[in-house]
Amino acid sequence: NPDLDRVGVVIFPPVTPAHGVCNEVDNDQANTKALNPYLDPGRQYLVQPLTNGFLSSNGNLVPGSPIVTAINCLVPGGHTDYADPLMVAEQELESDHRPDTHKAIVLISDGAADYIEDADCNAGMDLPKCLMPCEDGIAAASSIKSSGIEIWAVALGAFGNDLQCKTSANYV
């Protein structure tokens with residue numbers, strides 16, 4: 001129902017205040033840490049809070065709606081961090097959902113969780129997301145699922161080279 005359905009967009013790599021979702025620097029092309037969005041303390045994963053208005057009354061997408069615009073601007077590439085964006089999506093669902101609805105997160109990625117360059121990891125902290133980013137994402141997803149939020153994962157052309165993501169004990 002276009003009047004009732006609400007969808008938000010959380011992305012990774014995150015965007016920075018200096019670049020909007022449609023103008024972000026491609027993390028794969030960044031040759032200095034200053035260009036890496038994971039290092040920006042103001043990094044943002046939530047680029048479109050929960051909203052409706054993206055579907056017309058007959059169920060077609062509204063091309064100029066903020067959510068359609070945000071999705072159309074996404075460019076694949078960069079490092080992949082599942083845990084942080086999943087937790088941001090959970091926070092948005094918990095703070096802004098309608099109480100009479102089913103809560104779900106659809107995780108769409110073009111790659112397996114890999115080494116993340118962020119301030120904590122660069123400072124030498126032995127955090128799970130630095131040492132085992134896939135395991136950190138799985139732990140975040142398990143915690144979110146235990147709160148009653150359903151998670152669907154879609155891999156688009158993902159070729160994981162992280163063997164830790166491929167063990168049978170790690171299915172979310």
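What counts and what doesn't
Residues numbered from 1 in each chain as written. Predicted model: local features only at pLDDT ≥ 70, side-chain atom pairs only at ≥ 80, totals over all residues. Heavy atoms only, no water. Helix = DSSP H or I, 4+ residues; strand = E, 2+ residues; numbered from the N terminus. Buried < 20%, exposed > 50% of the residue type's maximum accessible area, 1.4 Å probe, protein only. Contact = heavy atoms within 4.5 Å. Pairing = 2+ DSSP bridges. Axes fitted to C-alpha atoms, helices over the stretch in contact; angles between N-to-C directions. Parallel < 35°, antiparallel > 145°, perpendicular 65-115°, else oblique. Left-handed = near helix turned anticlockwise from the far one by under 90°. Nonpolar A, V, L, I, M, F, W, Y, C, P; charged D, E, K, R; others polar.

## Overview of the side chain of Gln48
Structurally, Gln48 can be placed in strand β2 (residues 44-51). Gln48 sits in the buried class, given a relative accessible area of 13%. When residues no more than four places from it in sequence are discounted, the contact partners of Gln48 are Gly8, Val9, Pro66 and Ile67.

## Concerning the pairing of strand β3 (residues 104-109)
Working note: regular strand, side chains alternate between the two faces of the sheet. Residues Ile105, Leu107 and Ser109 of β3 are buried on one face, while the alternating residues Ala104, Val106 and Ile108, pointing to the opposite face, are not. Where β3 and strand β4 (residues 150-155) come together, 6 bridges link them in parallel fashion. In the sheet register, Ile108 faces β4, and the bridge partner there is Val154.

## Some remarks on the packing of helix α2 (residues 83-96) against helix α5 (residues 133-146)
Packing of α2 against α5 leaves a shortest axis separation of 8 Å and a crossing angle of 20°. The angle between the axes of α2 and α5 places the two elements in the roughly parallel class. The two elements α2 and α5 cross, and the hand of that crossing is left-handed. Across from Ala83, Leu86, Met87 and Glu90 in α2, the residues of α5 making contact are Asp136, Gly137, Ala140, Ala141 and Ile144. Residue composition of the contact of α2 with α5, by class: 6 nonpolar, 1 polar and 2 charged.

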